[in-house]
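Here is what each chain is made of, one letter per residue.
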Amino acid sequence: GASPDPDGRTTRATASWIDTEVVVVPSSIKPGESVRAHITLRPNSRLQAHWNNENEPVTLWVDVSDGWKTDRRLVTAPLGDQPETTETRSIELELKAPDDAQGTVRVSTYLLYYVCEGADGTCLYLRQDVPIDITIKQ
């Protein structure tokens, strides 16, 4: 598939509406090996942020380059079962290092999501970068 926001026109998230946590398993790999990246998304309760489930689902685009491969470039997280929800969402993907990978490599990904603020707050469609750092052991 093609990048959903190739020209970067979507508004960037300036506030931390959605807190992201990235865990890479295993924590380091040899060149040519694969990792699973687990990305956890939590609406920020301090901002009373919540998901808007009446629009497109949360989408993650993986910008693989330099010989890296992934099982899916476009990954979606399931929608909640109510119009507005605050549950934690998870996205998983696999990344395979090229045979000449070395050092710590940052794979660029970004989220696109609808998020709303407060009980009657504005709903926004935002883009948020989520870098995935992978350590290559020689």
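Within each chain, residue numbers correspond to sequence positions counted from 1 in written order. Only residues with pLDDT of at least 70 get local features here, since the model is predicted, and only at 80 or more are side-chain atom pairs given and counted; chain-wide, interface and lining totals rely on the full set of residues. Only hydrogens and water are set aside when side-chain values are computed; all heavy atoms of the structure are taken into account.

### Description of the state of the cysteines
Then, number 1: The disulfide criterion is simple: two cysteine sulfur atoms within 2.5 Å. Within this structure, the stated rule accounts for one disulfide.
Then, number 2: Residue Cys116 pairs covalently with Cys123 via a disulfide, S to S 2.0 Å. Residues Cys116 and Cys123 are joined through a disulfide that is right-handed, its torsion about the S-S bond being 100°.
Then, number 3: Exposed residues in this analysis have more than 50% of their type's maximum accessible area, buried residues have under 20%, and partly exposed residues fall in between, with area computed by a 1.4 Å probe over protein chains only. Judged by relative accessible area, which is 34%, Cys123 ranks as partly exposed.

### Focus on the pairing of strand β11 (residues 123–129)
Then, number 1: Bridge count for strand β10 (residues 103–117) against β11 is seven bridges, and the pairing is antiparallel. Bridge pairing in β11 places Tyr113 opposite Leu126.
Then, number 2: Only strands joined by at least two bridges in the DSSP assignment are considered to pair. Numbered from the N terminus, helices here are DSSP runs of H or I no shorter than four residues, and strands are runs of E no shorter than two. What sits between the antiparallel neighbours β10 and β11 is a turn of five residues, in which Gly118 has the positive phi angle 65°.

### Remarks on the side chain of Thr59
Then, number 1: Inspection of the secondary structure puts Thr59 in strand β5 (residues 59–63).
Then, number 2: For Thr59, the side chain forms a polar contact with the main-chain oxygen of Pro57, separated by 3.2 Å.
Then, number 3: In this analysis, two residues are considered to be in contact whenever any of their non-hydrogen atoms come within 4.5 Å of each other. Ignoring anything within four residues of it in the chain, the contact list for Thr59 reads Leu74, Val75, Thr76, Tyr110, Leu111 and Leu112. N or O atoms closer than or at 3.5 Å make up a polar contact, with two conditions inside protein: a donor-capable atom paired with an acceptor-capable one, and, for residues adjacent in sequence, both atoms drawn from side chains.

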